[in-house]
Amino acid sequence: MSIIYSYPTIQPTVDDLLIGTDTSDDNATKSFTIQSLVSLINAAAGSGTVTSVQIATDAFLTATGGPITDAGTITMGLTATGTPDSTTFLRGDNQWVVPTVSAGISVLTGGASLTSNVQSFNFTGDGLTASTIGNNVTIAVNAQQQALTGLAAGAGIELSSTTGNVTISNSGVRQIVGSSGITVSPAGGTGIVTLNVQNQTSGTVTSVTPGPGLALLSGTSTENPNIGISYTGNQNYIIEGDDVAIAASTDKVMFNQASSNDVKTSTLATIPMTAVSAVKTYVDAEDAKAVQNDTDIYSSVAEAQKIITLTDAEYLNLTTKDGNTLYITTATAATQYTKTLSVVNNITGFANGSLTGDQTGATLTGAAGSNWSFTTDVSADTGYSYTGNAPVTISGTFDSTATVTSTLTGSITQNSVPNCTSTLTGVTLGGNLGSISSSYYTATSPGATSTAACSSTLNSGNVASIFPVTYTLTSAGITAGYSITTPITVSYSGANGTYSNSASITATVSGAVTQTLYDFAVNIDLTGVTTDSGVTYTATTGGASGTSNAATPGAVTTFITSNFGAPEADWEEISNVSSDGNTSGLNFTTQTTSGTMLGDGTSGSPTTTHTYTGNITSNTGTASMSVTDTITAPANSYQVTYTLNGASYTSGTAESGPIGNTAQFAYNITTASGFTNVDAAGTFTPISGQTTFGGSAVSLALSGNIIQTRVTSGYNSTSHVTSFEACQEPSAGTSLYLEKASGSSSYVQTGDTCYTTATGNSVVAAGYYKAFVSGGTGWMRITGPTGVVQSVGNC
């Protein structure tokens, strides 16, 4: 089909016809409506597709333009009544309304209502911090320690009260101070305190007294006492420990074991018979006299445990007979005989021993034909031993009345005792004796010894005579002027009570020796010394003693060194003169005189004169002072003036004067009217800077703080967010200090800076406050951190 460009262009409708080829009818040309094409396209989309759209609404919304089958617009809107704008909101009943004035918020404290119509919140008090981000306000409560509900006083603590403002004081020890012999560290006696005992030496025990059972073996009760067990006398340790009791087999006894020479213990039950041979001999002897019945094996008659010999008449008179007793009778009583003992003592050295057992004159009486026996023994004294035939036992039968003889033969000799040597190992000097030359005295030298029987007495009672020590001055010491002024005494240590090879003894010689001393003197003659104006000088003198003294310029000054030189000692006198400036014509040579002290005491004190002459002239030098001013102050609020030796001085300039003369700098600060000096001391105290002409320059640093004088006013210190709230506060009662922007009125004006103190830097925080303004009671508003008033008004 040809293209025809002359047809007009229009918007088609669904009823318009289109020309096309019908493929089902041999491609015949036919016409179709646009609606048929739309239906054909919708049908080709398949079954179940949306063919139209319609929106259903509730009472709050409206929707127009539906249903849409192909294309279209649905318009939706609100059905609410009223006018929507920036002052209204959509309420739940579908109305645009203006909000009511009431906030609808209730505030309660402890369950009780404070208000149900909050207009603002103001958070105050420690621990609270408020901040904003956009319209969101954050209130931060800082972590707090649990508050105290009350205090209770402990030991040594005193409280003014248990609640509220409490003053805590110390009712116990408040300070520790030292006394004689006691020091305290630290010196204040507070904190951790240490007590120290001063000036104490070893051996502070002043006296020792032996108690019961003890004895003083050596020394005295006040010097080198040696205490041991008392073995002898009526206070030996056994008597003093005596407590009457019956000994048991398990009770212990002490003994010295001969094999080891050690003290050991044993029980009474374990003492072997061989250890008590004398007891065994005695028991055996007595046992030999007894009738034995250890072979009776017959039971037809009672065993004989006892034997009694008696006459027939005596037996018949017995009212009760013992079945275990053998009665031997005779018609008549046996003849009685008596034996008397005579001891023959052939023991040599018997003076150091004694006899034990049966002694001369002992008697035994018995019936004729019965046995008798006597036993006699020997005991040697302590330190002695016995050898011989003892113990001796003699026996027989009573056949007559007669004297029987027992003979003891042997000897008692002293035990061997070794000798021991004790040695004086040293002699020391006490007091001031050791401070003089050893050529001036003689004393016993170490090495003296003494030998005696070991363990014999060696103590303070005889050690001085055994080891005599002497101290005397030699002729050289006397010539040197020494003399003994305190009696010489000798004390000993190391005397252990008895002689032994290990006994080491030292002697201490104590006392005081003094020496006659002499003086020397020097005259310093300064009358011939002259000086220029303003020049000073000093003359000094000293000797071998090391002393140094200043002489008076223009005069003769005498110095005496007292008790300095011993006889034959060297002495020396030295003097010199020095000035405080350049000099001319002055003899600066150090003058020295020396010599030797005389020992005869007749020449008196050596005296010499040192004479100085000449003039001291002074050159000229300069002095200056530089100033660094870091005083914080408003312009023209103060003035600083300077002086040099009392005359006006300009800082930084150099002024001339005699070299060495004092250059005294000073300054003064004057505060202008309307300004206040708030230096820490309340005022700038003039501080001097001193040097000398020709010396170093002085540097002076000035610092401090000067402020505009503040006007005193009053306000209520409670901060608010509105002027209305501030005006509801009580009348102003807190002091307010104003740095006026202009004028000097005591009421608050715009531009004034509000301080909380007269001189400090603390300012009033931002907020609305009730204050005294022009016209009476009103309010002020501070918006920044600098305390500057932005606006004021009347309440």
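Residues numbered from 1 in each chain as written. Predicted model: local features only at pLDDT ≥ 70, side-chain atom pairs only at ≥ 80, totals over all residues. Heavy atoms only, no water.

Participant: Could you give an account of the confidence of the model for the protein, with specific residues and numbers?
Facilitator: Model confidence for the protein is summarised by a mean pLDDT of 78, while 76% of its residues fall at 70 or above. Of the regions scoring below 50 in pLDDT, residues 599-603 engages in 6 contacts with residues more than four places distant in sequence or in other chains. (pLDDT = per-residue confidence, 0-100. Contact = heavy atoms within 4.5 Å.)

Participant: Report on unusual backbone geometry, specifying residues and quantitative values.
Facilitator: Here the bond from Ala390 into Pro391 is cis, since omega is 0°, no more than 30 degrees from zero. Structurally, Pro391 can be placed in the loop between strand S25 (384-388) and strand S26 (392-397). For Asn636, which is not glycine, the phi torsion reads 60° and is therefore positive. Note that Asn636 resides in the loop between strand S43 (620-629) and strand S44 (638-644). With phi around 50°, Asn645 is a residue other than glycine that occupies positive phi space. Tracing the chain through its elements places Asn645 in the loop between S44 and strand S45 (647-649). (Helix = DSSP H or I, 4+ residues; strand = E, 2+ residues; numbered from the N terminus.)

Participant: Give me the lowdown on the pattern of salt bridges, citing residues and values where you can.
Facilitator: On inspection of all chains with the given rule, the structure shows 2 salt bridges. Between Lys740 and Asp752 there is a salt bridge, and its shortest N-O distance comes to 2.7 Å. Of the two residues, Lys740 is situated in the loop between strand S53 (734-739) and strand S54 (753-755) and Asp752 in the loop between S53 and S54; the sequence distance between them amounts to 12 residues. Each member of the pair, Lys740 as well as Asp752, is classed as buried. (Salt bridge = Lys/Arg side-chain N within 4 Å of Asp/Glu carboxyl O. Buried < 20%, exposed > 50% of the residue type's maximum accessible area, 1.4 Å probe, protein only.)

Participant: Lay out the pairing of strand S55 (residues 767-773) in plain terms, naming residues and giving numbers.
Facilitator: Along S55, 6 of the 7 residues are buried, which leaves the element largely enclosed by surrounding structure. Inspection of the sheet shows S55 paired to strand S56 (residues 776-782) by 7 bridges, in the antiparallel sense. Considered in S56, the bridge of Lys770 is made with Trp779. (Pairing = 2+ DSSP bridges.)

Participant: Residue-level account of the sheet that holds strand S30 (residues 449-453), with values.
Facilitator: One open sheet holds the 4 strands; their spatial order is S30-S28-S35-S33, and the pairing between them is mixed. Single-partner strands in this sheet number two, and they are S30 and strand S33 (482-493). When the angles between neighbouring strand axes are averaged without regard to direction, this sheet yields 25°. Of the pairings in the sheet, the one linking strand S28 (residues 419-429) to strand S35 (residues 504-515) comprises 6 bridges and is parallel in character. Directly across from Thr423, in S35, lies its bridge partner Ser504. (Axes fitted to C-alpha atoms, helices over the stretch in contact; angles between N-to-C directions.)

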